[in-house]
Amino acid sequence: MTATTAPLTRTPAREARRPPARLRAWATRAPLLPALVFLIAVTQLPFVATLVISFFDWNALYPKARRFTGLDNYRQVLTDADLRHSVWTTVLLTAAVVLASLVLGLVLALLLDRRFRGRGIVRTLLIAPFLVVPVAAALLWKHVLYNPEYGLLNGLSHYVGGPQPDWISRTPLLAVEVSLVWQWTPFMMLILLAGLQSRDQQQIEAARVDGAGDWQIFVHLTLPHLRRYLELGALLGSVYIVQNFDAVFTITSGGLGTANLPYTVYQSFYQAHENGLASAAGVLVVIGSLVIATFALRVVSSLFREEVSRA
């Protein structure tokens, strides 16, 4: 004789006691509301204020003379020769640093993907440059390496009987680029190393059984697999380098043709006191960063989808 249990049914009285679905959803989100309010107050309200100021001819030295000018500040940013040069410098700086960091990061990731004694220590040492404060890294390159009198580069050049140039004066933009490449190569290495360790090892072993060499495996299996990771590293690196200010300000002070758009915004705001013009340039920097960040988020979401489908 077996006992049968009646299925549980939701009575009307029980349904009446349950809070509405919309109220339950708001109760779930309620703990996040303080953080959301703080985020809006810290990030969005200042941006809205910057956007409003960008439509005014507003010099901080003459606050009573401010007037609404519409899009004139944006036209000046896009047509002024110095500002256009700073935009071009930003593009060159970003492209050079991102490409060089990706290539060096890929080489280091391929080396660290192999097993050898002391691999953990080597990884830690290679990651260290990315953990250095940007201003401290720029000061390190400016005084410890680039200094023409006591810098390490000229010391090594003197030891082998070579020239001892003033690196910053002779190659100013390259000096900034090298310091940024040194700092961002570990970041690219970490992203690409994660991609290498997510490869299908059975597929690689099958290729070796079929007679494929290391170069063929790298070209036909590794590079296609790393395409998304290369895109992600390039986009995330571009988001940062486009906004970079520390290296340019510390190493060259924006001189010798190295003034990028963020440094030009700094000059317009703190030196020329042109609040409206600086705000317009800052808004353009934010828009460019948002465009790059949008592509980066798409790449990240596609990577997550690939990992989920693979699991």
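Analysis parameters
- Residues numbered from 1 in each chain as written.
- Predicted model: local features only at pLDDT ≥ 70, side-chain atom pairs only at ≥ 80, totals over all residues.
- Heavy atoms only, no water.
- Axes fitted to C-alpha atoms, helices over the stretch in contact; angles between N-to-C directions.
- Helix = DSSP H or I, 4+ residues; strand = E, 2+ residues; numbered from the N terminus.
- Parallel < 35°, antiparallel > 145°, perpendicular 65-115°, else oblique.
- Left-handed = near helix turned anticlockwise from the far one by under 90°.
- Nonpolar A, V, L, I, M, F, W, Y, C, P; charged D, E, K, R; others polar.
- Core = buried A, V, L, I, M, F, W, Y, C linked by side-chain atoms within 4.5 Å.
- Buried < 20%, exposed > 50% of the residue type's maximum accessible area, 1.4 Å probe, protein only.
- Contact = heavy atoms within 4.5 Å.
- Patch = residues over 30% accessible without salt bridge, like charges linked within 9 Å, V, L, I, M, F, W, Y side chains within 5 Å.
- Areas by Shrake-Rupley, 256 points an atom, 1.4 Å probe, with all protein chains shown as cover.
- Salt bridge = Lys/Arg side-chain N within 4 Å of Asp/Glu carboxyl O.
- UniProt positions renumbered as here; feature names shortened; annotations may be inferred.
- pLDDT = per-residue confidence, 0-100.
- Phe/Tyr/Trp six-rings, centres within 6.5 Å; stacked < 30°, edge-to-face > 60°.

1. A few points about the packing of helix α5 (residues 81–112) against helix α10 (residues 172–196)
Packed helices, taken two at a time, are described by their axes: the angle between them and the distance between them.
Item 1. Remark: α5 packs on α10, axes separated minimally by 6 Å, with the N-to-C direction vectors making an angle of 45 degrees. Accordingly, the angle class assigned to the pair α5 and α10 is oblique. Crossing of α5 against α10: the hand is right-handed.
Item 2. By residue class, the composition of the contact of α5 with α10 is 22 nonpolar, four polar and one charged.

2. A look at the nonpolar core
Item 1. Formed by 41 residues in total, the largest nonpolar core has its most connected members in Leu93, Val97, Ala109, Val176, Leu180 and Ile241.
Item 2. Going through the elements one at a time, α5, α7 (134–145), α10, α12 (214–242), α13 (246–252) and α15 (275–310) are the ones with two or more residues in this core.
Item 3. For this core, the leading source of residues is α10, giving 12 residues.
Item 4. Residues in contact with leucine 180, not counting those within four places in the same chain, are Leu93, Val97, Ile241, Asn244 and Ala247.
Item 5. If you look at the next biggest cluster of nonpolar residues, it comprises nine residues, including Val77, Ala278, Ala280 and Val283.

3. Brief notes about the side chain of glutamate 177
Item 1. On the secondary structure map, glutamate 177 appears in helix α10.
Item 2. Once residues within four sequence positions are removed from consideration, glutamate 177 is found in contact with Leu92, Leu93, Ala96 and Val97.

4. A closer look at a nonpolar patch on the surface
Item 1. A cluster of nonpolar side chains, Trp26, Leu33, Leu36, Leu39, Ile40 and Leu45, forms an exposed patch at the surface whose accessible area comes to about 580 Å².
Item 2. The element contributing the most residues to the nonpolar patch is helix α3 (residues 33–53), with five residues.
Item 3. With respect to the helices and strands, isoleucine 40 occurs in helix α3.

5. Remarks on the environment of arginine 22
Item 1. Tracing the sequence through the fold places arginine 22 in helix α2 (residues 21–29).
Item 2. Owing to a relative accessible area of 68%, arginine 22 belongs among the exposed residues under this scheme.

6. Concerning the pattern of salt bridges
Item 1. Enumeration according to the criterion identifies six salt bridges in this entry.
Item 2. Across the pair arginine 208 and aspartate 214 runs a salt bridge whose closest N-O atoms are separated by 2.9 Å.
Item 3. Residue arginine 228 pairs with glutamate 231 through a salt bridge whose shortest N-O separation is 3.6 Å. Residue arginine 228 and its partner glutamate 231 are both found in helix α12; the two are separated by three residues, about one turn of the helix.
Item 4. Overlapping salt bridges bring together Arg227, Arg228 and Glu231 as one network.

7. Points about the packing of helix α4 (residues 72–79) against α5
Item 1. Contact geometry for α4 and α5: axes closest at 5 Å, N-to-C directions at 65 degrees. Put simply, α4 runs roughly perpendicular to α5. Contact residues: α4 offers Gln76, Val77, Leu78 and Thr79, while α5 offers Ala81, Leu83 and Arg84.
Item 2. For the contact of α4 with α5, a count of residues per class yields four nonpolar, two polar and one charged.

8. Observations concerning the UniProt feature "transmembrane region" (unreviewed entry) in the chain
Item 1. In this numbering, the UniProt entry assigns the feature "transmembrane region" (unreviewed entry) to residues 32–56, 87–112, 124–144, 173–196, 232–256 and 276–300.
Item 2. Each end of residues 32–56 is marked by a C-alpha atom, and these two atoms are 36 Å apart; helix forms 84% of the span and strand 4%.
Item 3. Helix makes up 72% of residues 232–256 and strand 0%, whereas the separation of the span's terminal C-alpha atoms amounts to 32 Å.

9. Re the environment of glutamine 183
Item 1. With respect to the helices and strands, glutamine 183 occurs in helix α10.
Item 2. For glutamine 183, a relative accessible area of 5% puts it in the buried group.
Item 3. Taking the C-alpha atoms as reference points, glutamine 183 and valine 133, separated by 50 residues in sequence, lie 9.5 Å from one another.
Item 4. What glutamine 183 contacts, discounting residues up to four positions off in sequence, is Pro129, Phe130, Val132, Val133, Pro134 and Ala137.

10. Points about the confidence of the model for the chain
Item 1. Within the chain, residue pLDDT values average 81, and 90% of them lie at 70 or more.
Item 2. When the elements of the chain are averaged for pLDDT, helix α1 (residues 12–17) gives the smallest value, 54, and α10 the largest, 91.

11. As for the packing of aromatic side chains
Item 1. For the structure on display, the rule yields 16 aromatic pairs.
Item 2. Measuring from ring centre to ring centre gives 5.6 Å for phenylalanine 56 and phenylalanine 68, while their planes differ by 80 degrees; the resulting arrangement is edge-to-face. One end of the pair, phenylalanine 56, is in strand β1 (residues 56–57); the other, phenylalanine 68, is in strand β2 (residues 67–68), with 12 residues separating them in the sequence.
Item 3. Seen from their ring centres, tryptophan 141 and tryptophan 182 are 5.9 Å apart, and the 70 degrees between their planes marks the pair as edge-to-face. Residue tryptophan 141 is found in helix α7, and its partner tryptophan 182 is found in helix α10; the two are separated by 41 residues along the sequence.
Item 4. Tryptophan 182 sits in the partly exposed class, given a relative accessible area of 28%.
Item 5. Taken together through their ring pairs, the aromatic side chains of Phe55, Phe56, Phe68 and Tyr74 make up a single cluster.

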